[in-house]
Amino acid sequence: MCATRFSQTRSFGFRETTETVFINVERCIGCLQCQFACAIEHSRSHDAAAAVLEDPPPRTRIHVEAGYAFNSSFPNRCHHCKPAPCQQVCPTAAIFRDIEKELVLVEPRKCIACAMCAMVCPFDVISFHSIPGGVQPRVAAVKCDGCIERVGRGQIPACVEACKAGALVYGELNNLVKQGRLRETRAVLAASAEAEAEAQTVPVPIDGWRQWGAEAKQITGGVR
Amino acid sequence: MMTANSDGNYSLAKDAREIIARAREENITTVWDRLRAQEPQCGYCSLGVSCRNCAMGPCRIDPFGEGPQQGVCGADADIIVARNLGRTIAAGASAHSDHGRDILEAFHALADGRSCGYRITDEEKLKALARERGIAIDGRPLNEVARELAQAMFEEFGTRKESLDFVTRVPGKRRELWQKLGITPRGIDRENVEMLHRTTMGVDNDYINILLHGLRTGLADGWGGSMIATELSDVMFGTPKPLLASVNLGTLKADHVNIALHGHNPMLSDVIVQAAQDPELLNLAKDKGAAGINLVGLCCTGNELLMRRGIPMAGNHLMQELAIMTGALEAMVVDYQCIMPSVTEIAKCFHTQVISTFDKAKFPGAIHITFVPERGLEIGKEIVRRGVEAFANRNPQRVRIPAKPVPMMAGFSVEAILAALGGTPAPLIEAIKQGTIRGAVGVVGCNNPKIPQDYGHVRLTQRLIENDILVVVTGCAAVANGKAGQMVPEAANMAGPGLRSVCKALGIPPVLHMGSCVDNSRILVLAAALANSLGVDIDQLPLAGAAPEWYSEKAVSIGAYVVASGIYTVLGVQPPIFGSRKVVELLAGGLEDVVGAKFAVEANPEKVAVLIRRHIEAKRKALGLPHLSPEAIRVPAEAVLAGEIAA
């Protein structure tokens with residue numbers, strides 16, 4: 001509790017870390033619900049039935065790509081790096097940081113779609129799409145805006161709300177790290193005590209599900 | 001550990017690989033590309049914990065236990081997984097059984113003298129089926145007997161019976177068990193409809209109760225709809241007898257009109273075989289510059305024709321797109337089931353005409369010619385004519401036939417197997433008792449792009465026959481083994497010493513083709529006959545089943561009836577049940593105490609072979625027969641060394 005308070009504020013007035021989306025990759029089951037929710041959130045209508053008819057279509061800012069094995073995937077999104085390489089290389093200053101929420105944002109009207117930001121992005125989460133309203137240029141960088149509008153209203157980001165598997169969680173960064181550390185700690189202690197059932201973060205059937213996916217890919221090596 | 005170039009290893013079959021390479025060159029999208037595009041596939045769905053059965057939903061259960069654990073209605077993961085599995089079984093059973101009904105309707109039309117191009121080919125089987133039901137045959141015209149048999153079989157689809165007629169073929173102990181569990185199949189359509197009822201919101205919320213009805217639904221397929229399809233197809237088109245034919249894309253002929261018959265129902269394809277011999281159409285083919293008309297089969301329509309007519313087999317499920325991409329196919333005639341909607345799209349890249357024939361199975365982009373048994377032969381000729389005329393559109397520069405055909409033996413109906421054994425199962429039982437043959441395994445089911453094509457079937461079969469286990473095959477599994485050369489009498493040399501000696505003495509391959517996927521009913525009949533002649537229940541026999549590459553809902557129904565009939569079954573692809581620990585524990589564990597058999601899931605065929613061999617030896621031990629200890633059965637060292645399995 002003490003540590004939490006320390007990490008949130010310092011006596012000279014700025015927050016050391018802020019709220020963020022944390023990815024528990026072992027929890028992702030590839031349902032793509034986050035992508036869907038993200039696209040709807042960033043549509044003009046904010047309505048699933050109407051959004052699918054919009055032109056240009058709304059685009060997701062979170063990308064769940066498949067791993068090598070079946071039944072493996074990783075939800076990838078902008079981590080709002082500090083400093084942000086994309087912001088540093090943007091020649092038109094289209095990429096900027098929101099001071100209050102500390103989110104890295106794009107001003108599409110300034111974007112010249114040069115893709116420098118995408119080239120330097122350590123996570124490859126900037127893509128280029130048509131932007132609504134006929135604003136020039138037609139194509140602009142599209143990336144996660146941290147659901148700044150929702151967060152401003154006191155809501156959590158759309159992707160986190162959609163994730164029922166706990167792969168995406170929202171909170172203060174060090175708190176989230178600490179939760180993971182607690183799980184690890186319990187697993188390590190349980191393993192050393194050979195009481196693993198209690199501390200399993202992933203129930204056994206899910207392990208079986210993932211193992212099949214890995215094995216099905218592995219036997220490809222048997223084919224000659 | 002991974003070995004080289006896994007991404008490229010889509011298929012074991014050389015013909016497939018060559019055409020897949022062509023697809024790459026020409027940017028044609030295939031099933032493997034579409035699988036890649038679908039990944040990652042939804043975990044809720046593949047774990048079975050998503051429910052779309054009502055409009056309070058859709059709902060999903062967090063398999064990690066922290067998010068929602070109940071749907072809006074209150075259903076937990078166990079209920080949702082069981083409901084979904086139940087509906088899958090009902091869909092598969094419905095597919096087989098509706099196929100059976102179509103055959104029955106054609107048979108009824110034949111009995112009434114309303115059909116064209118059909119006849120009663122196997123009178124003995126007709127009489128045997130009538131006798132089985134107490135229908136008088138002496139002194140009556142055959143069509144009258146046939147009409148009464150048809151009426152009796154129509155009753156099987158209804159709701160007024162306590163038990164299906166074919167259940168009398170089941171060993172007494174098993175019938176009593178089914179009765180005790182309340183899973184005796186009563187009516188083919190009834191069990192399917194009841195499953196849909198039970199799994200709608202607010203009806204059956206006991207996952208065990210739902211799964212038990214799932215077994216009954218499967219049994220109504222295996223001992224009902226599928227068995228009717230098999231038996232009546234035998235009556236009309238002939239009970240298969242051993243014959244030698246050929247397999248792979250090399251069966252297409254560069255100088256002939258090539259027509260592929262694809263799907264599952266033999267009713268139309270059988271008249272097409274007659275139509276393709278029509279002198280007028282053969283002359284037309286010559287006029288167009290072709291040397292003749294070459295019919296080939298695909299999937300189970302192909303198996304039906306291969307088993308009875310020796311029509312060459314172009315390939316199994318994952319070959320349907322590739323067959324078009326040879327550029328040598330004038331027409332693909334489709335009936336229903338397993339026909340990918342993509343075929344019409346791929347046909348646009350070539351001159352192939354896709355011709356759909358059943359009003360219940362239309363394909364945008366195909367020509368539709370409605371098939372009715374009353375005008376069978378006439379329609380058959382019209383279809384062949386379209387194929388012949390399309391020959392003029394073929395671009396010879398685009399023709400690429402990738403392989404030489406491989407010989408394969410087919411035609412092993414139960415009657416044919418018994419005939420090969422000298423009329424009784426006694427020699428087979430004797431060989432099993434002595435241990436010359438350790439047991440028998442049905443390797444069945446589909447292709448699935450998640451498993452390298454044919455690898456699951458071929459490698460498992462190879463390991464089983466090497467270890468003196470007789471393998472019977474149907475469906476795509478049969479075609480896979482045919483392509484791999486494991487289905488000719490000379491393949492006895494691939495078998496272990498015991499099985500080899502039996503095969504050589506009888507002149508049969510170590511892998512016997514028993515037909516299409518509805519013909520898995522033949523495997524049930526054979527298993528029941530073996531049990532009956534030994535005076536034991538089916539679950540006591542050293543038997544097993546495997547579906548190494550299954551994909552279809554039909555395969556789930558097959559799995560349900562095979563296990564409910566007492567045969568241990570290993571699935572190579574995981575069914576969507578892993579979201580419920582209880583359902584997994586029941587199906588892969590507790591079920592053995594209920595019906596004497598259970599499921600296992602294992603992708604690697606090397607490991608499947610070990611599971612099955614250990615099971616068979618355990619059954620041998622229980623029967624007091626000579627047996628090996630489980631520890632003696634391991635994955636062969638060569639497979640570990642070759643990196644085909646994690647050490």
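Residues numbered from 1 in each chain as written. Chains lettered and ligands numbered in written order. Predicted model: local features only at pLDDT ≥ 70, side-chain atom pairs only at ≥ 80, totals over all residues. Heavy atoms only, no water.

A. Examining the domain arrangement of chain B more closely. Residue and element names in this part refer to chain B. Its domain assignment divides chain B into domain 1 (77-237), domain 2 (249-398) and domain 3 (409-641). Distance between the C-alpha centres of domain 1 and domain 3: 24 Å. Roughly 3,100 Å² of surface becomes buried between domain 1 and domain 3 when both sides are summed, with 68% attributable to carbon and sulfur atoms. Considering only the side of domain 1, the residues that lose the most area to domain 3 are H96, R174 and L215, jointly responsible for 19% of the buried surface there. (Domains from an automatic or database assignment. Buried area = accessible area lost by both parts, 1.4 Å probe.)

B. Representation of the layout of surface pockets within the structure. In this model, the largest pocket occupies a volume close to 1,400 Å³. Along the wall of the largest pocket there are 44 residues; nearest its centre are Q41, C45, S46, K450 and P576 of chain B. A class-by-class count of the residues in the lining of the largest pocket yields 23 nonpolar, 15 polar and six charged. Empty space within the second largest pocket amounts to approximately 680 Å³. The set of elements that each furnish at least two residues to the lining of the second largest pocket consists of β5 (104-106), β6 (127-130), β7 (139-142) and α6 (148-152) of chain A. The residue inventory of the lining of the second largest pocket, partitioned by class, reads 16 nonpolar, five polar and nine charged. In this structure, the lining of the second largest pocket is formed jointly by two domains, domain 1 (1-34 + 146-219) and domain 2 (78-143) of chain A, each of which donates at least three residues. (1 Å grid on protein atoms, 1.4 Å probe; cavity = no way out; pocket = protein on both sides within 12 Å on 5 of 7 lines; lining within 4 Å. Points joined across faces, edges and corners; volume = space filled by probe spheres on them. Nonpolar A, V, L, I, M, F, W, Y, C, P; charged D, E, K, R; others polar. Helix = DSSP H or I, 4+ residues; strand = E, 2+ residues; numbered from the N terminus.)

C. Region of the structure containing the state of the cysteines. By the definition in use, this model includes zero disulfides over all chains. C114 of chain A carries a free sulfur, and the closest cysteine sulfur to it, the one in C117 of chain A, is 6.2 Å from it. A residue is classified by how much of its surface remains accessible, and C114 of chain A, at 34% relative accessible area, is partly exposed. C59 of chain B forms no disulfide, and the closest cysteine sulfur to it belongs to C54 of chain B, at a distance of 6.4 Å. (Disulfide = S-S within 2.5 Å. Buried < 20%, exposed > 50% of the residue type's maximum accessible area, 1.4 Å probe, protein only.)

D. Seen up close, empty space enclosed by the protein. Residues and elements named next belong to chain B. Counted according to the given criterion, the structure contains 13 cavities of 30 Å³ or more. In this structure, the largest cavity spans a volume of roughly 310 Å³. Along its surface, the largest cavity is lined by 27 residues, and G442, I523, A544, G545 and I567 are the ones closest to its centre. When residues of the lining of the largest cavity are traced back to their parent elements, those giving at least two are α17 (426-434), β11 (439-443), β12 (469-474), α21 (520-534), β14 (543-547), α22 (553-564) and β15 (569-571). Top element by residues in the lining of the largest cavity is α21. It accounts for six residues. Residue composition of the lining of the largest cavity, grouped by class: 21 nonpolar, six polar and no charged.

E. Main features of the pattern of salt bridges. All names here are of chain B. All told, the structure shown has 57 salt bridges over all chains when counted by the stated rule. R36 is the salt-bridge partner of E39, the closest N and O atoms lying 4.0 Å from each other. The shortest N-O distance in the salt bridge between D78 and K582 comes to 3.6 Å. Highlighted residues: D78 in helix α4 (residues 77-111) and K582 in helix α23 (residues 581-595), separated in sequence by 504 residues. The class for K582 is partly exposed, based on a relative accessible area of 44%. (Salt bridge = Lys/Arg side-chain N within 4 Å of Asp/Glu carboxyl O.)

F. Just the interface of chain A and chain B, in detail. Contacts between chain A and chain B engage 38 residues on the former and 47 residues on the latter. Carbon and sulfur atoms make up 60% of the area that chain A and chain B hide from each other, which totals about 3,600 Å². Run the count over chain A and chain B and you get one salt bridge. Here E215 of chain A ties to K607 of chain B by a salt bridge, and the two come within 2.6 Å at their closest N and O atoms. On inspection of chain A and its partner chain B, the count reaches eight residue pairs in polar contact (both at pLDDT 80 or more). Of all the secondary structure elements, the ones that give two or more residues to the side of chain A that touches chain B are β2 (63-66) and α10 (204-218) of chain A. (Contact = heavy atoms within 4.5 Å. Polar contact = N/O pair within 3.5 Å; in protein donor to acceptor, adjacent residues only side chain to side chain.)

G. Looking closely at the domain arrangement of chain A. Residue and element names in this part refer to chain A. As far as domains go, chain A holds domain 1 (1-34 + 146-219) and domain 2 (78-143). With both chains or domains summed, domain 1 and domain 2 bury close to 650 Å², and 58% of this area falls on carbon and sulfur atoms. Seen at the junction of domain 1 and domain 2, the total is zero salt bridges. One can count zero residue pairs in polar contact (both at pLDDT 80 or more) joining domain 1 with domain 2. Here the side of domain 1 that touches domain 2 takes three residues from α6, the largest share from any one element.

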